[in-house]
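Working through the structure, step by step
Listed below are the residues making up each chain.
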Amino acid sequence: HCLPPSSQIYPIYLPRETRTRRALLICNIEFEYLSRRDGAEVDVEGMMKLLEGLGYMVDIHRNLTSEGMATVMKDFADRKEHWTSDSTFLVFMSHGVRAGLCGTKSRGEATDILSLDTIYEKFNNKRCQALLGKPKVVIIQSCRGGNVGSTMVSYSADPAMPTPRLAHMIPAGLEDDAMCEVHLESDFGTLHSSTPDTVSWRCSVTGSIFIQRLIEQFRNHACNSDLQEIFRKVQYSFGKFPQQLPSQERTTMLRKFYLFPGH
């Protein structure tokens, strides 16, 4: 039988010396028809250092078509290291449209687009059983359309109005043939750099505002906050930048995920 989770926190199964945390980072900078994403290399460097500091070996891939991205994801999902890991990070940086991420041959909305659904399909509990019941953190830096995400509002003069499993271990062997039905998709935590249909802002020198602030919040709060609380802090940091607001989406975390840096 599938036992109910014994804890509201995702377990870290193995000591640091024996666990094999892996992270995947895909960053498209050069495109055949779209503009170069200047500053993106700064984002890659920053995310790599952050993830390595959290105990992940980072597989980095640059300048892939949508088909190439899907292939890299499948290969990464098949890595045997996930069996002796407790989690993964999946980081994607590219130009984007409402429907997904642009591959290097993209000409816009209709060609060479990686649907975001593909990410969840490659790492769901059917396709990637090594990560069953383990946090899968998805970070996406891309535009999702051409709109600016701000609007003008007038504050009310009314003083009453405020101002603005899963079983926690993989069943070993299943010798008694007791099959266990689980959710097809679970344990994802996703933070997208912007809301649907809006742009994400990037500086050619210092990189993306979203990635900068995400790294800052993880560095400051991974020691005492769970993943979704860190995500909220990233969102809150955009309070005085109304043109863009990161968005938590398709999040199926069943417990709190603490990274326990140093453990």
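Our subject is the structure listed above.
Residues numbered from 1 in each chain as written. Predicted model: local features only at pLDDT ≥ 70, side-chain atom pairs only at ≥ 80, totals over all residues. Heavy atoms only, no water.

Quick look at the sheet that holds strand 5 (residues 100-102)
Reading across from one edge, 4-5-6 is the order of the 3 strands in this open sheet, with antiparallel pairing throughout. Among the strands making up the open sheet, the edge pair consists of strand 4 (96-97) and strand 6 (113-115). In this sheet, strand 6 lies alongside strand 5 in antiparallel orientation, the contact comprising 3 bridges. Pairing of G100 across the sheet is with S115, part of strand 6. The strands that helix 2 (residues 66-77) touches are strand 5 and strand 6; relative to strand 6, the one it contacts most, it runs at about 40°. (Pairing = 2+ DSSP bridges. Helix = DSSP H or I, 4+ residues; strand = E, 2+ residues; numbered from the N terminus. Contact = heavy atoms within 4.5 Å. Axes fitted to C-alpha atoms, helices over the stretch in contact; angles between N-to-C directions.)

Overview of the packing of helix 1 (residues 40-53) against helix 4 (residues 209-221)
Where helix 1 contacts helix 4, the two axes come as close as 10 Å, and the packing angle between them is 15°. In terms of orientation, helix 1 lies roughly parallel with respect to helix 4. Helix 4 is crossed by helix 1, and the crossing has left-handed handedness. Residues D43, G46, M47, K49 and L50 of helix 1 pack against I211, L214, I215, F218 and R219 of helix 4. Its residues assigned to classes, the contact of helix 1 with helix 4 comprises 6 nonpolar, 1 polar and 3 charged. (Parallel < 35°, antiparallel > 145°, perpendicular 65-115°, else oblique. Left-handed = near helix turned anticlockwise from the far one by under 90°. Nonpolar A, V, L, I, M, F, W, Y, C, P; charged D, E, K, R; others polar.)

Looking at the nonpolar core
Within the largest apolar cluster, 35 residues are counted, with the highest numbers of intra-cluster contacts made by M47, F89, I139, F218 and F257. Those elements giving two or more residues to this core turn out to be strand 1 (22-27), helix 1, strand 3 (88-93), strand 7 (136-141), helix 4 and helix 5 (227-236). With 6 residues, helix 4 is the largest single contributor of residues to this core. What F89 contacts, discounting residues up to four positions off in sequence, is R22, A23, L24, L51, Y56, V137, I139, F218, F257 and L259. (Core = buried A, V, L, I, M, F, W, Y, C linked by side-chain atoms within 4.5 Å. Buried < 20%, exposed > 50% of the residue type's maximum accessible area, 1.4 Å probe, protein only.)

Description of the pattern of salt bridges
According to the stated counting rule, one finds 17 salt bridges in the structure shown. Salt-bridge contacts for E32 lead to K105; the nearest nitrogen and oxygen are separated by 2.6 Å. Here the residue E32 occupies a position in the loop between strand 1 and helix 1, and K105 occupies one in the loop between strand 5 and strand 6, the gap between them amounting to 73 residues. Given the relative accessible area of 47%, E32 is considered partly exposed. The partner of E249 in a salt bridge is R144, with the nearest N and O atoms 2.6 Å apart. (Salt bridge = Lys/Arg side-chain N within 4 Å of Asp/Glu carboxyl O.)

A look at the packing of helix 4 against helix 5
Where helix 4 contacts helix 5, the axes come no closer than 9 Å and their chain directions differ by 135°. Classified by the interaxial angle, the pair formed by helix 4 and helix 5 is oblique. Where helix 4 crosses over helix 5, the handedness of that crossing is right-handed. Here helix 4 contributes F210, R213, L214, Q217, F218 and H221 to the contact with helix 5, which in turn contributes L227, I230, F231, K233 and V234.

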